[in-house]
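Given next are the chains, with one letter for each unit.
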Amino acid sequence: MAMEYRNLMEDIVLQNLDSVMAAEGGCTCDFCKSDVAAYALNHLPAHYVATRQGRLMVKLQSYELQSRADVVAAISEAAVMVSRNPRHGRE
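Here the residue numbering is sequential within each chain, running from 1 through the sequence in written order. Owing to the predicted nature of the model, reporting of local features is limited to residues with pLDDT of at least 70; listing and counting of side-chain atom pairs is limited to 80 or more, with chain, interface and lining totals taken over all residues. To obtain the side-chain values, all non-hydrogen atoms of the structure were included, while hydrogens and water were left out.

Moving on, we come to the packing of helix H2 (residues 30–42) against helix H4 (residues 65–84). In the contact formed by H2 and H4, the axes pass within 8 Å of each other and the chain directions differ by 130°. Taken together, H2 and H4 sit at an angle that is classed as oblique. The chirality of how H2 crosses H4 is right-handed. Taking contact as the criterion, the partners of Cys32, Asp35, Val36, Tyr39 and Ala40 in H2 are, on H4, Ala74, Ile75, Glu77, Ala78, Ala79, Met81 and Val82. For this scheme, ten residues count as nonpolar: Ala, Val, Leu, Ile, Met, Phe, Trp, Tyr, Cys and Pro. Four count as charged, namely Asp, Glu, Lys and Arg, and the remainder, Gly too, count as polar. Each residue belonging to the contact of H2 with H4 can be placed in one class, and the counts come to ten nonpolar, no polar and two charged. Note on geometry: axes are C-alpha line fits, over the in-contact stretch for helices, and angles between N-to-C directions span 0 to 180 degrees. In this description a helix means any DSSP run of H or I spanning at least four residues, a strand means any run of E spanning at least two, and both kinds are numbered starting from the N terminus. Angle categories are assigned with fixed cut-offs, so that under 35 degrees is roughly parallel, over 145 is roughly antiparallel, 65 to 115 is roughly perpendicular, and the rest are oblique. Crossing handedness is defined as follows: a turn of the near helix away from the far one that is anticlockwise and smaller than a right angle gives a left-handed crossing, while the clockwise case is right-handed. The contact definition used throughout considers only heavy atoms, calling two residues in contact when any of these lie within 4.5 Å.

Turning next to the environment of Ala38. Mapping Ala38 onto the fold places it in helix H2. We classify Ala38 as partly exposed; its relative accessible area is 39%. For Ala38 and Glu10, which are 28 residues apart along the polypeptide, the C-alpha to C-alpha distance reads 9.1 Å. Accessibility here uses a 1.4 Å probe with only protein chains present; expressed as a share of the type maximum, an area under 20% marks a residue as buried, one over 50% as exposed, and anything in between as partly exposed.

This part takes up the pattern of salt bridges. Only one rule defines a salt bridge in this text: a Lys or Arg side-chain nitrogen within 4 Å of an Asp or Glu carboxyl oxygen. This model, assessed by the stated rule, comprises three salt bridges. The partner of Asp11 in a salt bridge is Arg6, and the shortest N-O contact between them spans 2.6 Å. Residue class for Asp11 comes out partly exposed when judged on its relative accessible area of 26%. Two residues, Asp35 and Arg87, come together in a salt bridge whose shortest N-O distance is 3.1 Å. Of the two residues, Asp35 sits in helix H2 while Arg87 sits in the segment after H4, which places them 52 residues apart along the sequence. The exposure class of Arg87 is partly exposed, given its relative accessible area of 36%.

Take the buried Ala, Val, Leu, Ile, Met, Phe, Trp, Tyr and Cys residues and link them wherever side-chain atoms come within 4.5 Å; each set so joined is a nonpolar core. By size, the foremost hydrophobic cluster in this structure holds 20 residues, and its most contacted members are Val13, Val36, Val71 and Ile75. Of all the secondary structure elements, the ones that give two or more residues to this core are helix H1 (8–24), H2 and H4. With seven residues, H1 is the single largest residue contributor to this core. Those residues within four positions of Val71 in sequence are excluded, and the remaining contacts are Met9, Ile12, Val13, Asn16 and Leu44.

Okay, here's the thing in structure tokens:
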């Protein structure tokens, strides 16, 4: 039996990543983006789905004001943390 599932929170974070990071004014290189995404995802609830109906339910939920605010807050916090200690430029 093939099992297919996906954490849709990854898609939601990635959809908001560029705009939130730009608003924070920090570095937006690939290293910083991946660090910010990973930090934010570790501080947000996972939304795993296995069906099309599940995807639609999570997508609808992600448009709720509080859900969107939680995602933006997590990305903002992550951007601040990463900008204090960026991974790029290390020898």
